[in-house]
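# Summary of the model geometry
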Amino acid sequence: MGNIDVKNLIVEFDIFNADNEVVSKKRVIDDISFSVNEGDFVCIIGKNGSGKSTLAKCLNGLIIPTGGDVLIYGMNTKNEEQLIDIRKNIGMAFQNPDNQIVASIVEEDVAFGMENLGFSPEEMDKRIDESLKILGIQELRFAQTSKISGGQKQKVSLAGILCMKSKILVLDEPTSMIDKNGRLDLLNKVYELNKKEKITVILISHYIEEISFADRVIVMNQGKIILDDTPKNVVLKDELLNNAGIELPYITRMAKELKSFGKKLNGNEFSVEELCQFLK
Amino acid sequence: MPIFEVKNIKYTYDKYENSLKYALNDISFNIEKKDFVALIGKSGSGKSTLISHLNGLYKADSGDILYSGNSIYSKDYDLNSLRFKVGIVFQYPDYQLFSETVIDDVAFGAIKKGMSKDEAYKKSLEVLKFLNIEYLKDESPFNLSGGEKRKVAFAGVFVMEPEVLIFDEPDAGLDTMSKINFYNFIKSLNNDYGTTVIYITHNLDDVVEYANKVIVMSDGKLIKMGKPYEVLSDEKVMKEADLELPYSISICNKVKSMGYDIDNTKLTFSDLLDSLKKL
Ligand SMILES: Nc1ncnc2c1ncn2[C@@H]1O[C@H](COP(=O)(O)OP(=O)(O)OP(=O)(O)O)[C@@H](O)[C@H]1O
Ligand SMILES: Nc1ncnc2c1ncn2[C@@H]1O[C@H](COP(=O)(O)OP(=O)(O)OP(=O)(O)O)[C@@H](O)[C@H]1O
Ligand SMILES: [Mg+2]
Ligand SMILES: [Mg+2]
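Residues numbered from 1 in each chain as written. Chains lettered and ligands numbered in written order. Predicted model: local features only at pLDDT ≥ 70, side-chain atom pairs only at ≥ 80, totals over all residues. Heavy atoms only, no water.

Residue and element names in this part refer to chain B. For the magnesium ion (ligand 4), the protein coordination sphere consists of S48 (OG) and Q91 (OE1), at 2.0 to 2.3 Å. A residue pair is termed long-range when its members are at least 10 positions apart, and S48 in helix α1 (residues 47-54) and Q91 in the loop between β6 (86-89) and α3 (102-113) qualify at 43 residues. On the basis of relative accessible area, S48 is assigned to the partly exposed category, the value being 25%. For Q91, a relative accessible area of 8% translates into the label buried. (Donors = N, O, S within 2.8 Å, 3.2 Å for Na, K, Ca; no water. Helix = DSSP H or I, 4+ residues; strand = E, 2+ residues; numbered from the N terminus. Buried < 20%, exposed > 50% of the residue type's maximum accessible area, 1.4 Å probe, protein only.)

Structure follows, in structure tokens:
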């Protein structure tokens with residue numbers, strides 16, 4: 001048993017007509033199964049509407065499966081009495097951070113998730129401080145949440161998740177509005193948590209180069225998993241990816257072009273260093 | 001005549017407090033008709049604040065903004081009509097969606113602008129097709145995925161056919177193919193109809209592909225404006241703005257450090273590929 005087990009998961013949404021009658025069902029997750037082990041770093045990619053956020057919401061029991069099961073440390077999300085324990089284990093960053101900000105001052109917002117978990121004020125204070133530092137936004141601690149920029153909001157909502165120190169982190173496009181510098185900083189921190197503290201990480205992202213942080217990449221298309229492999233292997237399947245609406249990362253594309261021109265490269269390089277090896 | 005002349009504008013959010021921290025601090029620049037301008041800068045540098053001034057949504061504390069030669073701050077200026085000429089898609093497009101179905105939402109602005117209902121719905125359908133989201137036309141905008149919402153917000157602005165299109169981080173949340181499709185579409189509006197485009201982005205490698213000018217903001221100031229290669233290869237500016245270099249420049253730097261010569265004014269993907277092939 002992994003710490004996440006998804007078995008034959010199906011999610012369908014009701015489609016209503018103007019009179020609020022259900023006229024049809026839309027299948028958004030179409031019979032997928034996978035397990036994630038403690039300490040894995042999994043990246044989920046796929047085009048818009050492929051079902052990534054829906055899957056993420058199934059993991060913390062926000063959406064209950066139409067069919068199949070989701071087990072977190074063996075606890076089924078269908079058992080309402082276990083939902084609290086499930087959510088204690090999963091820190092979840094949603095796609096739209098603006099909807100996620102609940103308090104009017106940054107530090108209160110960051111503390112919100114910890115509030116009902118019985119931490120001492122000192123411990124809370126320490127954690128707020130730590131997580132704001134990780135994200136490089138200590139100076140915003142007493143700022144009003146209505147008065148910060150888009151990227152800053154994204155960082156504040158992430159700080160709130162980091163300070164819960166959950167065993168599993170589900171991050172749905174956590175860095176979509178952060179500059180590349182900030183994005184890499186943040187991912188390096190998450191990577192560190194993953195490696196040092198064995199935090200399980202599920203990262204959903206359209207920044208395709210971010211797959212290089214992961215041990216494993218799951219590619220979704222139309223509610224199905226079409227690939228589940230290491231980053232290096234996944235980018236070799238460029239035709240499959242293109243058909244699923246995904247372009248390769250910049251460096252990988254360059255490497256592939258140079259390889260087909262006859263340069264000594266594998267066509268699955270991710271870093272500038274790796275790419276420039278052909279000059280040696 | 002430039003389409004926008006921005007003259008020494010200053011703006012602070014804390015007018016009633018003593019700390020006068022300027023979100024915009026003495027900003028001046030011109031934008032010509034048909035320009036394709038990328039606005040870049042670190043989180044919190046003032047990018048969103050700046051574009052909110054360009055359709056009169058925010059009013060500068062001092063300084064002036066001229067649109068086609070006329071000050072938008074003069075008493076008799078018709079700010080309402082400016083909003084139809086300058087179409088903006090904001091950073092959180094959720095707040096721009098409100099109708100019951102996607103198609104109603106997309107047609108709304110154009111009808112308000114004065115387009116006939118038939119025309120507006122016809123055009124809306126065309127735009128939805130261009131963006132590959134025709135299948136969403138009868139859905140409720142609230143049930144859409146993140147990327148789908150953003151595309152619907154784009155569509156609403158496209159249908160109004162504004163003279164200037166402004167996008168706040170349009171690529172955030174788009175899958176890569178949709179992103180390419182989006183840029184090609186606005187590039188064609190820019191080429192074929194002379195639509196002026198201003199957009200905020202964090203993807204500097206895309207800036208090289210599409211923009212003809214780049215503005216760099218840092219801490220409320222405009223610290224450089226110029227052609228993409230001029231700006232992005234200016235180490236001092238990139239450092240001051242605290243921005244990570246695009247891959248193209250990092251590759252050029254690495255190649256040079258290995259003792260090879262490479263033309264770092266040619267930064268598009270295909271140009272760089274050609275240079276690398278020759279090494
Ligand atoms: N409550 C709902 N009712 C009906 N359809 C829905 C609902 N929520 C999501 N959908 C549809 O389900 C599909 C999958 O949505 P989801 O948000 O999981 O996509 P995603 O992969 O996260 O996309 P993105 O990359 O744009 O965020 C979309 O086509 C969306 O329109
Ligand atoms: N409504 C507001 N009230 C007070 N201050 C604000 C408000 N909105 C933004 N600010 C502040 O003004 C500065 C500029 O914000 P702006 O939203 O323009 O940044 P940005 O460059 O768009 O950043 P991002 O890339 O994160 O979206 C920031 O320091 C921000 O905290
Ligand atoms: Mg999503
Ligand atoms: Mg912004």
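Back to the write-up after that little detour.
Moving on, we come to helix α11 (residues 269-277) of chain B. Note that an α-helix has 3.6 residues per turn; residues three or four places apart therefore point the same way. Considered for burial, the residues of α11 of chain B that qualify are F269, L272, L273, S275 and L276 of chain B. Buried positions in α11 of chain B, seen along its axis, are confined to an arc of 160° and lie on one side of it. Its buried side turned inward, α11 of chain B meets α10 (250-260) of chain A together with α7 (204-210) and α10 (247-257) of chain B. (Arc of directions from axis to C-beta. Contact = heavy atoms within 4.5 Å.)

This brings us to the site of ligand 2. Around ligand 2, 21 residues are found, and the nearest of them are S149 and G151 of chain A together with S43, K47 and T49 of chain B. Ligand 2 sits at the junction of chains A and B, each of which supplies nearby residues. S45 of chain B places a polar main-chain atom, nitrogen or oxygen, 3.2 Å from an oxygen atom of ligand 2. At 2.8 Å, a side-chain N or O of S48 of chain B approaches an oxygen atom of ligand 2. When ligand 2 sits alone it has 640 Å² of accessible area, and the protein chains cover 87% of it. Secondary structure elements with two or more residues in the shell around ligand 2: α6 (150-162) of chain A together with α1 of chain B. Partitioned by chemical class, the residues of the shell around ligand 2 number 3 nonpolar, 13 polar and 5 charged. (Near = heavy atom within 4 Å. Polar contact = N/O pair within 3.5 Å; in protein donor to acceptor, adjacent residues only side chain to side chain. Areas by Shrake-Rupley, 256 points an atom, 1.4 Å probe, with all protein chains shown as cover. Nonpolar A, V, L, I, M, F, W, Y, C, P; charged D, E, K, R; others polar.)

A few words now on the interface of chain A and chain B. If you look at the interface, chain A gives 48 residues, while chain B gives 48 residues. At the junction of chain A and chain B, the tally comes to 2 salt bridges. Here E139 of chain B makes a salt bridge to K26 of chain A, at a shortest N to O gap of 3.2 Å. At the junction of chain A with chain B, the criterion picks out 19 residue pairs in polar contact (both at pLDDT 80 or more). (Salt bridge = Lys/Arg side-chain N within 4 Å of Asp/Glu carboxyl O.)

Every one of the 20 residues lining ligand 1 counts as a neighbour, but K52 and T54 of chain A together with S145, G147 and E148 of chain B are closest to it. More than one chain lines the surroundings of ligand 1; the residues nearby belong to chains A and B. Taking G51 of chain A, its main chain carries an N or O atom lying 2.9 Å from an oxygen atom of ligand 1. Of all the elements in the fold, those that place two or more residues in the shell around ligand 1 are β2 (22-36) and α1 (52-59) of chain A together with α5 (146-159) of chain B. Of the residues belonging to the shell around ligand 1, the class tally is 3 nonpolar, 12 polar and 5 charged.

Residue and element names in this part refer to chain B. Read from one edge of the open sheet, 6 strands run β6-β7-β8-β3-β9-β10, paired in mixed fashion. Looking at the sheet topology across the chains shown, the edges are occupied by β6 and β10 (221-226). Neighbour to neighbour, the strand axes of the sheet diverge by 15° on average, direction disregarded. Pairing of strand β9 (residues 213-218) with β10 involves 5 bridges; the strand directions are antiparallel. Across the sheet, V214 pairs through a bridge with G226, a residue of β10. Sheet contacts for helix α6 (residues 176-193): β3 (36-41), β7 (164-168) and β8 (196-200); angle to β7, the most-contacted strand, approximately 155°. (Pairing = 2+ DSSP bridges. Axes fitted to C-alpha atoms, helices over the stretch in contact; angles between N-to-C directions.)

Right, let's talk about the nonpolar core for a bit. Judged by nonpolar contacts, the single largest core of 71 residues is most densely connected at F158, F167, Y199 and I251 of chain B. Element by element, the count of residues in this core is highest for α5 of chain B, at 7 residues. Those residues within four positions of F167 of chain B in sequence are excluded, and the remaining contacts are V89, F154, F158, F182, I186, V197, I198, Y199 and I200 of chain B. Among the nonpolar cores identified, the runner-up in size contains 46 residues, and C163, L186, V219 and A244 of chain A belong to it. (Core = buried A, V, L, I, M, F, W, Y, C linked by side-chain atoms within 4.5 Å.)

Right, let's get into the domain arrangement of chain A. Residues and elements named next belong to chain A. In terms of domains, chain A is made up of domain 1 (40-62 + 78-245) and domain 2 (249-280). Computed from C-alpha atoms alone, the centre-to-centre distance between domain 1 and domain 2 is 30 Å. On the domain 1 side of the contact with domain 2, K232, V235 and L236 bury the most area, a combined 63% of that side's loss. At the boundary of domain 1 and domain 2, one finds 2 salt bridges. Among the ionic pairs, K256 bridges to D238, the shortest N-O distance being 3.7 Å. Looking at the side of domain 1 that touches domain 2 residue by residue, the class counts come to 5 nonpolar, 1 polar and 3 charged. (Domains from an automatic or database assignment. Buried area = accessible area lost by both parts, 1.4 Å probe.)

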